[in-house]
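# Analysis of the macromolecular model
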Amino acid sequence: MLIAVAMFALMDTAMKLLSAHYPAVQVTALRSLSSLPLLCAYIAYRGKFGGLHKVRWPLQLLRGVLGIGMLTMFAYALRSLPLADTYSIFFIAPALITALSVFILKEKVDAMQWVAIVVGLAGVLVVLRPDGSNFISLAGLAVLGSAACYAVSAIASRILSRTDASEHIMFWLLVMMSTGSVAMAWQGWVAIRPEDWLVIGGLALSGFFGQLAITIAFSTGKASIVAPFEYSALAWGVAIDWLLWDTLPDAYTLLGAAIIIGSGVYLVRREAVHAEAEHP
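How each quantity is defined
The numbering scheme is per chain: residues are counted from 1 as the chain's sequence reads. The model is predicted, so local features are restricted to residues of pLDDT at least 70 and side-chain atom pairs to those at 80 or more, both for listing and for counting; the totals for chains, interfaces and linings are taken over all residues. To get the side-chain values, all heavy atoms of the structure are used, and hydrogens and water are removed first. Only DSSP runs of H or I with at least four residues qualify as helices, and only runs of E with at least two residues qualify as strands; both kinds are numbered from the N terminus onward. Computation of the radius of gyration draws on C-alpha atoms alone. For the globule rule, the value is 2.2 Å times the number of residues to the power 0.38. Exposure categories follow from relative accessible area, calculated using a 1.4 Å probe and restricted to protein chains: below 20% of the type maximum is buried, above 50% is exposed, and the middle band is partly exposed. Between two residues, a contact is recorded if the distance between any of their heavy atoms is within 4.5 Å. Neither His nor the chain ends contribute to the count of charged residues, in which Lys and Arg are positive and Asp and Glu negative. All charge positions are set by atom: Lys at NZ, Arg at CZ, Asp at CG, Glu at CD. Salt bridges are identified by distance alone: a Lys or Arg side-chain nitrogen within 4 Å of an Asp or Glu carboxyl oxygen.

This paragraph deals with the overall build of the protein chain. Looking only at helices and strands, the protein chain features 12 helices and zero strands. If you list the helices and strands of the protein chain from N to C, you get α-α-α-α-α-α-α-α-α-α-α-α. For 280 residues, the compact-globule estimate of 2.2 N^0.38 gives 19 Å, and the protein chain sits close to it at 18 Å. Seen through its principal axes, the protein chain has C-alpha atoms that stretch 50 × 45 × 30 Å. Scored against the burial criterion, the 280 residues of the protein chain give a buried share of 51%. Across the protein chain, contacts joining residues at least 24 apart in sequence account for 88% of those joining residues at least 6 apart. If you average the places of the 17 positive and of the 16 negative side-chain charges in the protein chain, the two averages end up 10 Å apart.

Mapped onto the fold, Thr98 is located in helix H5 (residues 93–104). Judged by its relative accessible area of 7%, Thr98 is buried. When residues no more than four places from it in sequence are discounted, the contact partners of Thr98 are Val109, Gln113, Ile117 and Leu267.

Attention shifts here to the pattern of salt bridges. Scanning the entire structure with this criterion turns up five salt bridges. Where Asp110 meets Arg270, a salt bridge forms, and the shortest distance between an N and an O atom there is 2.9 Å. Pair noted here: Asp110 is in the loop between H5 and helix H6 (111–127) and Arg270 is in helix H12 (residues 251–278), with a separation of 160 residues, a long-range link. The salt bridge involving Asp196 is made with Arg193; its shortest N-O contact spans 2.9 Å. Exposure remark for Asp196: the relative accessible area of 5% places this residue in the buried category.

This next bit is on unusual backbone geometry. In this model, Lys106 sits at a positive phi of 60 degrees, which is unusual for a non-glycine residue. Among the structural elements, Lys106 can be located in the loop between H5 and H6. For Asp246, which is not a glycine, the phi torsion comes out positive at approximately 50 degrees. Relative to the elements of secondary structure, Asp246 occurs in the loop between helix H11 (233–245) and H12. Relative accessible area serves as the criterion here: at 65%, Asp246 is assigned to the exposed category.

Honestly, that's just the spatial picture; any functional story needs more than this.
In structure tokens form, the structure reads like this:
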């Protein structure tokens, strides 16, 4: 998981660099297209191309649409927000997943979990600035929208995993994101600058290896132990912001991030306790 988070931090850095020169939806297209050949090679190596068409198409299409929305809004936010601020707001995703699981998966969430969800949302408000200076920031709202898309997609992935192979889920997500984002970006497509091809190569490699590492992490370790390591992304965000853009998070960002992370860790641990109680 630590390797996965590091890879995704590098991926997001590449997206931030690209978002300064290209429309957000084109950055989404570049992210999807660049990793697709690597994923195809991996699926071929695993011998998992058989039965590729035997998937639950409605949910696969839904994840494709959500994936485009998630990455496009994230890329838009990265254009003006530091990585640390973006990550801090995006950390609300686990709380959103827990809340949505009640209504979609009919899972039980106790009163303390609801309190943790509300606390996490309060942490987001802190990051967005309680003085109102950044409360209606389009970039901040875009990160919230991206986190919401991620949460719904995660719920859909849980349902898909009951019937569809993980390789097929990843393949169709990238194919649909590539097709949809290219179609949306085509009319306003900006020619790729020669100096950006190296960044795109880094985007492809970091995105692919990040996805591979996180898949291994969750398939070999307990989610309650593995998931909290996702929050190490904040350390990467702070370090990269400082090294590349000479920016450090302010007190609001750090306080809000601490609240959101505390809420998220509690929710993950609480869910693990419930799972052990139901399946001792």
